[in-house]
Amino acid sequence: MEYSVKEIVKSQIQMSLKVLRMYDWLLDFYVLDFFVDNHWEKLPKSWRDSFKNIDIQHLGEILSNKPPKQLLPLSFLALVKSVQALSVPRQNISSNTKQSGGNLDTCKYHPRLKNLFLKHVKLKKRHEISLMADVVVNTAVQTGCNAVIDFGSGLGHLLRVLAYREDLFAAGIECQSQLTQEARKLDLELEYTVAKHLSPEAVSKLKQPLHFHVTLSSYHQLRELALPHSMSSYGLIGLHPCGNLGPLLLKHFVESDHVNFICVVGCCYMKLTDEGYPMSVYAQSLDSNLSFASREIACHAIEVYCGRLREGNYKDLKIHAYRAALERILVELDPKLRHAPVRSIKHSDAMTFEEYCALAVERLNLDLPKSPDVWSRGNSDLEQWRRVVVVYTLRLMLAPLVETVVLLDRMLYVIERGLTCEIRPVFDPKLSPRNHIIIGRR
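As the structure is a computational prediction, the values presented were derived from the model and not from experiment.

**Digging into the packing of aromatic side chains**
Okay, step 1: Under the definition given, this model contains 13 aromatic pairs.
Okay, step 2: Residues Tyr23 and Trp25 carry aromatic rings whose centres are separated by 6.1 Å and whose planes lie at 40° to one another, so their mutual orientation is tilted.
Okay, step 3: Taking the relative accessible area as the measure of exposure, Tyr23 reaches 10% and is therefore buried.
Okay, step 4: Here Tyr322 and Phe353 contribute two aromatic rings whose centre-to-centre distance is 6.1 Å and whose plane-to-plane angle is 70°, an arrangement assigned as edge-to-face. Of this pair, Tyr322 sits in helix H15 (residues 318-333) while Phe353 is found in helix H16 (residues 353-360), placing the two residues 31 residues apart along the sequence.
Okay, step 5: Residue classification places Tyr322 among the buried positions, given a relative accessible area of 9%.
Okay, step 6: It is Lys207 that lies over the ring of Phe169; its NZ or CZ is 4.8 Å from the centre.

**Digging into the UniProt feature "domain: Methyltransferase" (unreviewed entry) in the chain**
Okay, step 1: As annotated in UniProt, the feature "domain: Methyltransferase" (unreviewed entry) corresponds to residues 124-274 in the numbering used here.
Okay, step 2: Between the end C-alpha atoms of residues 124-274 the distance is 31 Å, and the span holds 42% helix and 22% strand.

**Quick notes on the packing of H16 against helix H17 (residues 372-382)**
Okay, step 1: Between H16 and H17, the least distance of the axes is 10 Å, while the angle of their chain directions is 100°. Taken together, H16 and H17 sit at an angle that is classed as roughly perpendicular. Across from Phe353, Glu354 and Cys357 in H16, the residues of H17 making contact are Trp375, Gly378, Asn379 and Leu382.
Okay, step 2: Split into classes, the residues belonging to the contact of H16 with H17 amount to 4 nonpolar, 2 polar and 1 charged.

**Focus: the pattern of salt bridges**
Side chains that differ in charge, positive against negative, can pair when their charged atoms come close.
Okay, step 1: All told, the structure shown has 25 salt bridges when counted by the stated rule.
Okay, step 2: For Glu422, the salt bridge is made with Arg424, and the minimal N-O distance between the two is 3.1 Å.
Okay, step 3: According to the relative accessible area criterion, Glu422 is partly exposed, its value standing at 24%.
Okay, step 4: Within this structure, Arg90, Glu303, Glu403 and Arg434 form a network of salt bridges that share partners.

**Comments concerning the sheet that holds strand E4 (residues 234-242)**
Okay, step 1: Spatially, E3-E2-E1-E4-E5-E7-E6 is the arrangement adopted by the 7 strands of the open sheet, whose pairing is mixed. One side of each edge strand has no neighbouring strand; the edge strands of this open sheet are strand E3 (210-213) and strand E6 (420-425). For this sheet the average axis-to-axis angle between neighbouring strands, irrespective of direction, equals 15°.
Okay, step 2: For strand E5 (residues 259-267) and strand E7 (residues 436-441), the ladder comprises 4 bridges, and the chain directions are antiparallel. Note on E7: the bridge partner recorded for Phe261 is Arg441.
Okay, step 3: Packed on one face of the sheet, helix H7 (residues 123-143) meets strand E1 (147-151), E4, E5, E6 and E7 and runs near 155° to E5.
Okay, step 4: The sheet strands contacting helix H8 (residues 157-165) are E1, strand E2 (169-174), E3 and E4, and the helix crosses E2 at an angle near 170°.

**As for the pairing of E2**
Okay, step 1: Most of E2 sits inside the fold, with 5 of its 6 residues counted as buried.
Okay, step 2: The sheet contact formed by E1 and E2 spans 5 bridges and is parallel. Opposite Ala147, over in E2, you have Phe169 as the bridge partner.
Okay, step 3: With respect to chirality, the unit in which E1 leads through H8 into the neighbouring parallel E2 is right-handed.
Okay, step 4: Strand direction decides the pairing type here: E2 and E3, joined by 4 bridges, are parallel.

**Some points on the environment of Glu174**
Okay, step 1: You can see Glu174 is positioned in strand E2.
Okay, step 2: Those residues in contact with Glu174 that sit more than four places away from it in its chain are Gly152, Ser153, Gly154, Leu179, Thr180, Phe212, His213 and Val214.
Okay, step 3: A distance of 3.1 Å separates a polar atom in the side chain of Glu174 from the backbone nitrogen of Gln176.

Definitions and cut-offs
- Residues numbered from 1 in each chain as written.
- Predicted model: local features only at pLDDT ≥ 70, side-chain atom pairs only at ≥ 80, totals over all residues.
- Heavy atoms only, no water.
- Phe/Tyr/Trp six-rings, centres within 6.5 Å; stacked < 30°, edge-to-face > 60°.
- Buried < 20%, exposed > 50% of the residue type's maximum accessible area, 1.4 Å probe, protein only.
- Helix = DSSP H or I, 4+ residues; strand = E, 2+ residues; numbered from the N terminus.
- Lys NZ or Arg CZ within 6 Å of the ring centre and 35° of its normal.
- UniProt positions renumbered as here; feature names shortened; annotations may be inferred.
- Axes fitted to C-alpha atoms, helices over the stretch in contact; angles between N-to-C directions.
- Parallel < 35°, antiparallel > 145°, perpendicular 65-115°, else oblique.
- Contact = heavy atoms within 4.5 Å.
- Nonpolar A, V, L, I, M, F, W, Y, C, P; charged D, E, K, R; others polar.
- Salt bridge = Lys/Arg side-chain N within 4 Å of Asp/Glu carboxyl O.
- Pairing = 2+ DSSP bridges.
- Right-handed = clockwise from strand over helix to strand, strands pointing away.
- Polar contact = N/O pair within 3.5 Å; in protein donor to acceptor, adjacent residues only side chain to side chain.

Structural data, given as structure tokens:
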């Protein structure tokens, strides 16, 4: 019996939530509460026995789905396998191959303009823009669309690639007027350079991107944009729109016949409200709540963290134990100081616990305890820093499953309305941790 994509996605959401409900207690931990709430004792005894003396590098290998080198509890191994089986794959599958042999009198193929679109762009952004542009162009071809609107266009780097290089009609929406003005200046700078290498005829055919300064709070505003006739229908793209803004774009896509496709990469799940999650009718019918703590951990760079553990580059993680030990002192001093906004301090082996605390609370205008017993216990807490790292790592192990639920909910929202949708891991997760593009087509 064959199952539809819709039924498969619904089943995956349901099973993922079932696993997450079993481990809400772990996801909802805050590292700074490690000593205040005695997190270590909340782990199952078999887990405590296995992890109390575990090599931190081995922990990184387990998180990277490598075979364990020691006996581990069956309940933990079952959780690892469940997360692996249910999570949306994170390894990028795009090759980003560049075509050659085209018309040299264009921005795309002229040899002197090869690196034109890399100017003013940082490495991470170069990677994202290059791959995002490939996906957008391919999707535009598949849907017979020659226009795009880039939400959150910033300085317009992606917009210029799509307009000048890929010959698409393009418009950008940006809420910061300063960025919009700077984007227009960069457009002119690019055109000045291009005019030195292309013929006047080729320059006259360039499609200059449009820039709109708009603060988007409702998808209905997208219908009111003063777009030219050449953009009567378009594709909607968003490279890491924050919080509810990604769902807002998806709502505009499904509601408007003028939007041929959407390519959107999510970000900042912890900023989602009920308007942004859950979106699908099916997820709304389930116990689909994801706490702020769980959505926040889902935004961490898990591949980078695993790499640091496996390479033995983890001693600076002691700072989490410093913060947790300080939290215990603050809460005992005054319960109202719980989760106080202390100053962020980088770890240093030369820094004592007392020195760390003094620097961390200097903006709070309070007197720390003078009792030697308090500081003796604090230093004793620091000796448990490996346990703090263990608990944080166990939480991070569940992060891909939280993100999977958010992504599949968005995908199902589109499918429920009779449109096609897929999730594709495109970026290198070590460079761009939120690396999945949701691609919807009308």
